[in-house]
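This is what each chain is made of:
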Amino acid sequence: MGTASTNSTKPAMRDSLIAAAFQLFLERGYEQTTVDDIVTLAGVGRRSFFRYFPSKEDVVFPDHDQCLDDMTRFLAASADSDDPVARVCGAARLVMRMYAENPTFSVQRYRLTREVAGLRTYELSVVWRYEKTLGDYLRTRWADRRDGTLRANVVAAAVVAAHNHALRHWLRSGGDGDPLAAVDEALGFVRTTWGAAPAPDAPSEEAEDVVVVITKRSTPMWRVVREVESSLGGD
């Protein structure tokens, strides 16, 4: 989530409400903070709050709607020649990049959601929206496959699981390290498992020779063996 100074497309009032909300959440606790408390600290009215956030829960996740839009556009811009699995992995990377843009905020939110059961439920609904977006894209790309729907559902779930594995590890560390490198490694496992199959290997030069010998039934076996040896270059 960027700030007003780094992302001019985000209204200053919206950023002020987010900052005020998290200041109060950290000082008083999430459950003890009301929307009235937030708007008072931000110096705006209740109407201004609900112009940007439908509920108090939404102010905790202010960047996911935009990220979901970015992901949807990224997938829509995919070419037919793109590997679908590589494309959804690239889309998941957009989510990690969103978290990495503001490590302090991301870590604070993670700790807050660990403490408040209602926020964990809300977070699961956000994750489901990401997974559905990935799955919808894959189902379209694999519509001609007999196993297209199953494959799309499994791969979408695998991408989300790999992303969340890297994300949770980074958040638990307090935002240390390179989260993009970590998610690339995790998503690489998905691409290796589910991505485009490599081209078939060329026939081995050491493959055994096959010799077909046509002879009369009455031909002695010693003569048949000699003909085979002669064909194979034997002495």
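The structure we're discussing is the one just above.
My aim in this report is to walk through the structure given alongside it, one point at a time. (Residues numbered from 1 in each chain as written. Predicted model: local features only at pLDDT ≥ 70, side-chain atom pairs only at ≥ 80, totals over all residues. Heavy atoms only, no water.)

Focus on the overall build of the chain
So, point 1. Each helix and strand in the chain was counted, giving 11 helices and zero strands.
So, point 2. Every one of the 235 residues in the chain was classed for burial, and the buried ones make up 38%.
So, point 3. Considering only contacts in the chain between residues 6 or more positions apart, those separated by 24 or more positions represent 65%.
So, point 4. Put simply, the chain shows about 14400 Å² of open surface, and 52% of that area lies on carbon and sulfur atoms. (Helix = DSSP H or I, 4+ residues; strand = E, 2+ residues; numbered from the N terminus. Buried < 20%, exposed > 50% of the residue type's maximum accessible area, 1.4 Å probe, protein only. Contact = heavy atoms within 4.5 Å. Areas by Shrake-Rupley, 256 points an atom, 1.4 Å probe, with all protein chains shown as cover.)

Overview of the nonpolar core
Nonpolar side chains tend toward joint burial in soluble globular proteins.
So, point 1. Membership of the largest hydrophobic core comes to 36 residues, with the highest contact counts inside it found for Met71, Val88, Tyr130, Leu134, Leu138 and Val159.
So, point 2. Put simply, the parts of the chain that give this core at least two residues each are α5 (64-76), α6 (84-100), α7 (103-115), α8 (117-141), α9 (148-172) and α10 (179-194).
So, point 3. Counting residues in each nonpolar core, the second largest holds 20 residues, with Leu17, Ala20, Ile38 and Val116 among its members. (Core = buried A, V, L, I, M, F, W, Y, C linked by side-chain atoms within 4.5 Å.)

Some words on the pattern of salt bridges
So, point 1. All told, the structure shown has 11 salt bridges when counted by the stated rule.
So, point 2. The closest approach of N and O atoms between Asp36 and Arg46, which form a salt bridge, is 2.8 Å. Of this pair, Asp36 sits in helix α2 (residues 35-42) while Arg46 is found in helix α3 (residues 46-52), placing the two residues 10 residues apart along the sequence.
So, point 3. Judged by relative accessible area, which is 37%, Asp36 ranks as partly exposed.
So, point 4. For Arg87, the salt bridge is made with Asp82, and the minimal N-O distance between the two is 3.7 Å. (Salt bridge = Lys/Arg side-chain N within 4 Å of Asp/Glu carboxyl O.)

Concerning the packing of α6 against α10
So, point 1. Put simply, α6 and α10 touch, their axes get as near as 10 Å, and they point 165° apart. When the interaxial angle is binned, α6 and α10 end up roughly antiparallel. Two packed elements cross with a definite hand, and for α6 against α10 that hand is right-handed. Counted together, Val85, Ala86, Cys89, Ala92, Arg93, Met96, Arg97 and Ala100 of α6 and Pro179, Leu180, Val183, Asp184, Leu187, Val190, Arg191 and Trp194 of α10 form the full contact between these two elements. (Axes fitted to C-alpha atoms, helices over the stretch in contact; angles between N-to-C directions. Parallel < 35°, antiparallel > 145°, perpendicular 65-115°, else oblique. Left-handed = near helix turned anticlockwise from the far one by under 90°.)

Thoughts on the environment of Arg14
So, point 1. With respect to the helices, strands and loops of the structure, Arg14 is situated in helix α1 (residues 12-28).
So, point 2. Each C-alpha atom of the pair Arg14 and Arg51 lies 9.0 Å from the other, and the pair is 37 residues apart in sequence.
So, point 3. Residues contacting Arg14, with those up to four places away along its chain left out, are Tyr52, Phe53, Pro62 and Asp63.

Observations regarding the packing of α6 against α7
So, point 1. Orientation of α6 relative to α7, taken along the N-to-C sense of each, is 100°, at an axis distance of 7 Å. Considered as vectors, α6 and α7 are oriented roughly perpendicular to each other. Between α6 and α7, the contacting residues are Met98, Tyr99 and Ala100 on the first element and Pro103, Ser106 and Arg109 on the second.
So, point 2. A breakdown of the residues in the contact of α6 with α7 according to their chemical character gives four nonpolar, one polar and one charged. (Nonpolar A, V, L, I, M, F, W, Y, C, P; charged D, E, K, R; others polar.)

Notes on the environment of Ala20
So, point 1. When you line up the elements, Ala20 lands in helix α1.
So, point 2. Each C-alpha atom, one on Ala20 and one on Val39, is 7.8 Å from the other, the two residues being 19 residues apart in sequence.
So, point 3. When neighbours within four sequence positions are excluded, Ala20 is seen to be in contact with Ile38, Leu41 and Ala42.

Section: the layout of surface pockets
Gaps left between atoms are located by rolling a probe of water-molecule size over the structure's atoms.
So, point 1. Within this model, the largest pocket holds a volume of roughly 380 Å³.
So, point 2. Along the wall of the largest pocket there are 24 residues; nearest its centre are Tyr99, Glu123, Val127, Asn164 and Leu167.
So, point 3. Ranked by the residues each element gives to the lining of the largest pocket, the list is headed by α8, at seven residues.
So, point 4. Here the lining of the largest pocket is composed, by residue class, of 14 nonpolar, five polar and five charged. (1 Å grid on protein atoms, 1.4 Å probe; cavity = no way out; pocket = protein on both sides within 12 Å on 5 of 7 lines; lining within 4 Å. Points joined across faces, edges and corners; volume = space filled by probe spheres on them.)

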